[in-house]
Amino acid sequence: MPRPPSAAALADLQAVVGAAGCLTDAAAVAPFLADHRRLYRGATPLVLLPKNTGEASRLLAICHRELCAVVPHGGNTGYCGGATPDSSGTQIVLALQRMQRIRSIDRMNLSLIAEAGCTLSAVQEAAQQADRLFPLSLGSEGTAQIGGVLSTNAGGTAVLRYGMARDLVFGLEAVLADGRVLSVLKALRKDNTGYDIKSLLIGAEGTLGIITAANLKLFPQPQDAATALAGVDSPAAALALLQRLRDATGDMLTGFELMPRFAVEITALQIAGVANPLALSAAWFVLVELAGPGEDLNLRTRLEATLAAAHEAEVITDATVAMSMTQAEAMWKLRESIPEAQTRRGASLKHDVSVPVSLVPELIQRGGELIARLAPLGDMIAYGHMGDGNLHFNASLKVGAAVAEFRRCAPVLEQAMFDLVESLGGSISAEHGIGQLKAAEFARRADPVEIALMHALKRTLDPRGILNPGKVLLSGP
Ligand code: MLT
Ligand code: ZN
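Quantities reported herein were computed from a predicted structural model and do not represent experimental measurements.

(A) Molecular detail of the sheet that holds strand E4 (residues 92-95). Strand order in the open sheet formed by four strands is E1-E2-E4-E3, with mixed pairing between adjacent strands. Strands at the two margins of the open sheet, each flanked by one partner only, are strand E1 (22-23) and strand E3 (70-73). Pairing between E1 and strand E2 (residues 47-48): two bridges, direction antiparallel. Opposite Cys-22, over in E2, you have Leu-48 as the bridge partner.

(B) Inspection of the coordination of the zinc ion (ligand 2) at higher detail. Every protein donor of the zinc ion (ligand 2) is accounted for by His-385 (NE2), His-392 (NE2) and Glu-431 (OE), and the metal-donor separations fall at 1.9 to 2.2 Å. The sequence motif formed by the donor residues of the zinc ion (ligand 2) is H-x6-H-x38-E. Each of the two residues, His-385 as well as His-392, counts as buried.

(C) Quick peek at the environment of Leu-96. Relative to the helices and strands, Leu-96 is located in the loop between E4 and strand E5 (102-106). In the structure, Leu-96 is positioned 167 residues away from Ala-263 in sequence and 35 Å away in space, judged by C-alpha atoms. For Leu-96, the contacting residues outside a window of four places in its chain are His-73, Ala-116, Gly-117, Gln-145, Ile-210, Ile-211 and Thr-212.

(D) Spotlight on a nonpolar patch on the surface. Taken together, the side chains of Tyr-195, Ile-197, Leu-200 and Leu-457 define a hydrophobic patch exposed on the protein surface, amounting to about 400 Å² of accessible area. Positionally, Tyr-195 belongs in the loop between strand E9 (181-184) and helix H7 (197-201).

(E) A look at the packing of aromatic side chains. Scanning all chains against the criterion turns up one aromatic pair. Ring geometry for Tyr-162 against Phe-219: centres 4.8 Å apart, planes inclined by 65°, an arrangement best described as edge-to-face. On the criterion of sequence distance, the pair formed by Tyr-162 in helix H6 (residues 159-162) and Phe-219 in strand E11 (residues 219-220) is long-range, its members being 57 residues apart. We note that Tyr-162, like Phe-219, is buried. Stacked on the ring of Tyr-162, the Lys or Arg Arg-161 has its end atom at 4.5 Å from the ring centre. The ring of Phe-170 carries Lys-217 above its face, with NZ or CZ at 5.6 Å from the centroid.

Rules of the game
Residues numbered from 1 in each chain as written. Chains lettered and ligands numbered in written order. Predicted model: local features only at pLDDT ≥ 70, side-chain atom pairs only at ≥ 80, totals over all residues. Heavy atoms only, no water. Pairing = 2+ DSSP bridges. Helix = DSSP H or I, 4+ residues; strand = E, 2+ residues; numbered from the N terminus. Donors = N, O, S within 2.8 Å, 3.2 Å for Na, K, Ca; no water. Buried < 20%, exposed > 50% of the residue type's maximum accessible area, 1.4 Å probe, protein only. Contact = heavy atoms within 4.5 Å. Patch = residues over 30% accessible without salt bridge, like charges linked within 9 Å, V, L, I, M, F, W, Y side chains within 5 Å. Areas by Shrake-Rupley, 256 points an atom, 1.4 Å probe, with all protein chains shown as cover. Salt bridge = Lys/Arg side-chain N within 4 Å of Asp/Glu carboxyl O. Phe/Tyr/Trp six-rings, centres within 6.5 Å; stacked < 30°, edge-to-face > 60°. Lys NZ or Arg CZ within 6 Å of the ring centre and 35° of its normal.

Written out as structure tokens, the structure reads:
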């Protein structure tokens, strides 16, 4: 079990990185102690900022020797407290933010090697400059760092077409608990050699090793795209639209995001520069995006034709197709600003859940009933990645209602929501991971054999239990 670091251990760690590579001053350390949602507040004796893999390796070797707990830290945009130390004041924070080199781009092999501290936007831009696409896309991409994105196996708005973070990785470089460096950065589409170790580290939230760099999969840059907002009367109609778009456009469908009218109203009211489709009479809105490689695809025409047919069949009430890049960006801004609009409006109870796509309407119906019954001070605001079966199924405090009473409903609502999701064959964490927020629920609800295997892997890769203790798995090794 980890123990508090001695003064000598702290001095050894500081000596590896020098004055530029560590923070101890309270004001400088403060941003590393609270999570993005302000659910957790921790303490640390030291924030370490290695500038390369060699330094990170030496730091881990010392932590292993001294039994010091280490909490890896990226852009701090996670929703589950995965990058926040506990309140004991003994866990060392290791932030990857100085490791932000794009090491190489290979246009022919469609690959890019980025260090863990590169923001997701920086990776997207580097790919774009080489006329390539790195497709992972999140509202927080300007801040989220690639190490955290991979450690949490992040999802986002293009999963429908390109998959989650794990699907976008050729290879990894990571520092193991004892300081050894795992370096499997090859960009091979076929490499059928034994266990897939990199996939274990992806989504492990820094509990099995600390990702320092990754070789990422790129795609041809789309030459044509079309974006629209469609109004529908029900989630079942949205599902019918999804089916039509899939049939008509195949894998050119890159985005299919559902938004209730209420989410659009609060976002259009509070956030500048977002598209406002409220003139369309509809209870729900769907943001649709098509993208493809050739300029002669005429995607806008295809999208218009598919939406016109859906209108004719009374699947959609109406639609607006973006006529310019600016309009398309405003539509995406509307969708991506919903979390911020919700925060500005007041307290919310959040659930990041998924079910098979075909069951999304049932999830919304029954989840809405749960909110009405178990958290009546909240309005349902279920939005997000419908094309992936993933909704952010939230309740937003009604204006003027008592926040403390609302928050008291959270545990009961969460249990009921998770029971519902499980009964529909879904997941209690679709894309935000487990962190510390869901570790207990995960332990309780997951297949016991799966949990036992995870503990066995943890014991093997982190026998002293120093890597991000208390995250993902409840107890140490
Ligand atoms: C999103 O899709 O907007 C993000 O995952 C954040 C959220 O859960 O609200
Ligand atoms: Zn999301």
